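Structural features, examined
Residue-level listing of the chains:
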Amino acid sequence: MKLNKRAIAGTMTSSDVMIEVIPWGKTSEINIKSDVEKQYGDQILDLINSILRENDVDNVCINVVDKGALDFTISARLKTALFRAAK
Amino acid sequence: MEDRYDINELLKEKGTFTGIDKSKRKKNKVRSLKYVIDALDIKDGMTISFHHHFRNGDLLADMVLELLDKKGTKNITIFPSSLTTAHDHFGQYIQSGLISRICTSGIRDRLGEDISSGMLDTPVIIRSHGGRARAIESGEEKIDVAFIAVAHSDVNGNANGFEGVSPCGSLGYSMVDMKHADKVVVVSDLITEEITIPFSVPSYNVDYVVKVEKIGIKEKIMSGATRLTTNPKELLIAKRTADIIEALEIIKENFTFQTGTGGSSLAVTRFMRDKMIEKKIVADFALGGITGHIVRLHEEGLVRKLLDVQCFDLDAVFSLKNNIRHFEIDASFYANPENPGCVVNKLDVVVLSALEIDRNFDVNVMTGSDGILRGASGGHCDTAAGSKICIVTSPLVRGRIATVKDKVLNIVTPGSTVDILVTDHGTAVNPLRKDIMALLKEKKIPIVSIDTLVEMAEKIVKKPNPIVYGDKVVGVIEYRDGSIIDLVKQVI
């Protein structure tokens, strides 16, 4: 998947996550801010990495502001942001 | 018969009347806070107490601590009935050396984080409202000076919490302090020559009367915890809870109840009201932190008496002032376990909330899922132990945090006193209560095991990383009888 522009999906309400995807001219960078970072930070990072691999996305900067979203929410928001960025 | 008295001795001892000058009789004087703090000579090792009826709008504790800090006072114990966001910045008084020990019911937000990080060398003592009253009455905690924020006082210190410009309602927690503290200081922004009637603080308990510009912010009494919910999950839980209360045949003439704060437990009241009207039943009393929702039931004639240790909103404050059977009670009468007549023992049912509850039905209302102090013991374990039936209501998960889990991080209320858990994913009954289990089955109320709920929750949120604790103990959680039920560890 080739990203053409910056895109955002999600909100910052409780139980949701807001994900910003920025095409990046260098090695990928993932920044996570989460209400449950201590408990689930690693798992969120693993999930994001696996979705990036599945969609063949590289050289991207991803900013995550998580308000306690469940995995399927994070996955849906990230995929939406990626598709928007690829338009 | 032999004369028992030597009358001359008596005259010498007592003195003879020599006349009286009315103009020279003792008179109280209204003082400034600074004058009183200087006069009291608060020093190392002393304990000063506050009450939290102004909740987030409390101004007094900070006024007192700021003056003490300026004087360079060190090593005092603060012993408030609870701490709120109004006390968020108290870390600065820990760092300055003023506060060396804290005893409280609640601790949250920034101060909770400061304490959890290990800022205070001595662990915080967490007590329930009943446990605090017990500790004071038994002499386990000695209060050197009690500061009591009141809405209206006369010049002699007869005072109440519900008149004036800054009312907070019931003064229930401080009513214990004022009987046992060495010195009692009443502070208000309304002080009159005319006697205060009715008064909750009698002047004979008061040593100093202090006038300040503003004693508290009444609008901040009501916290988010007392809003009536529109959240469908919480409404579902509330509806289920009311159905269970009905099925257990609790709603009978002269029944008694307490519904705590928190979305669903408040909404239970609303559903119970419908059932009471339908069955033409009147409750004898409602207890606790009183809210406007409970006041409405009282004014509609559905609840005869309100026993009020703390007002949770201004409707309750207004009702305490105007309704004669809305009655102010002290914390010992409310919940002191050593007082056999304490009124929690007369509760038919209590509905409580929880931050966490586990397979043993042990409940945590003190620390968040990250192990950091962000709650209050309150009357949770007191009412659970006293009531005939204790129902805990909680969503199965909050965001990504499981509420029902294998093991709570900290125990405040032991599972042996918790009878039923109602969640949005099902209701579990404590296996110790076979009577309840049988009755609910007979009434066809669906029940699941607590283990099923734990597994459901874990499936939704997945297993979290364990919390990294330090070695230091930052909090000691006392059960209401004074024994230690759990320790709170430093979080790194």
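Report on the accompanying structure.

Conventions used here
Just so you know, the residues in each chain are numbered from 1, in the order the chain's sequence is written. Chain letters and ligand numbers both follow the written order, the letters beginning at A and the numbers at 1. With the structure being a predicted model, the display of local features is reserved for residues of pLDDT at least 70 and the display and counting of side-chain atom pairs for 80 or more, all residues being used for whole-chain, interface and lining totals. Note: side-chain values were computed over all heavy atoms of the structure, leaving out hydrogens and water. At least two bridges found by DSSP between two strands are what make those strands a pair. Numbering of helices and strands runs from the N terminus; a helix is a DSSP stretch of H or I covering at least four residues, while a strand is a stretch of E covering at least two. Whether two residues are in contact is decided by their heavy atoms, any of which lying within 4.5 Å being enough. Buried area is calculated as the accessible area (1.4 Å probe) missing from two parts once they are joined, with the contributions of both summed. One side-chain nitrogen of Lys or Arg within 4 Å of one carboxyl oxygen of Asp or Glu is enough to make a salt bridge. Two N or O atoms form a polar contact when they lie within 3.5 Å of each other; inside protein one atom must be a possible hydrogen donor and the other a possible acceptor, and for residues adjacent in sequence the pair counts only when both atoms belong to side chains.

All names here are of chain B. As judged from the 3 bridges shared by strand β3 (residues 76–80) and strand β4 (residues 99–104), these two strands associate in the parallel manner. Each residue of the ladder has a partner; that of Ile78, found in β4, is Ile102. Here β4 pairs with strand β6 (residues 124–126) via 2 bridges, running parallel. Bridge assignment links Cys103 to a residue of β6, and that residue is Ile125.

Of note, the amide linkage connecting Ile197 of chain B to Pro198 of chain B takes the cis form, showing an omega dihedral of -5°. Summarising the element assignment, Pro198 of chain B is placed in the loop between β11 (191–192) and β12 (208–211). Despite not being glycine, Asn59 of chain A has its phi angle at roughly 45°, a positive value. On the secondary structure map, Asn59 of chain A appears in the loop between α1 (37–54) and β4 (60–66).

Residues and elements named next belong to chain B. For strand β27 (residues 469–478) and strand β28 (residues 484–491), the ladder comprises 6 bridges, and the chain directions are antiparallel. Directly across from Val476, in β28, lies its bridge partner Leu487. Where β27 folds back onto β28 in an antiparallel hairpin, the turn is made up of 5 residues, including Gly482, whose phi is positive at roughly 100°.

Moving on, we get to the interface of chain B and chain A. On the chain A side, the residues contacting the 14 residues of chain B number 13 residues. For the pairing of chain B and chain A, the buried interface totals around 1200 Å² over both sides, and the portion due to carbon and sulfur atoms is 46%. Of all residues in chain B, Gly399, Arg400 and Asn465 of chain B bury the most surface against chain A, accounting for 52% of the area lost on that side. On inspection of chain B and its partner chain A, the count reaches 2 salt bridges. With a shortest N-O distance of 2.8 Å, Asp71 of chain A and Arg400 of chain B are connected by a salt bridge. Where chain B packs against chain A, one counts 9 residue pairs in polar contact (both at pLDDT 80 or more).

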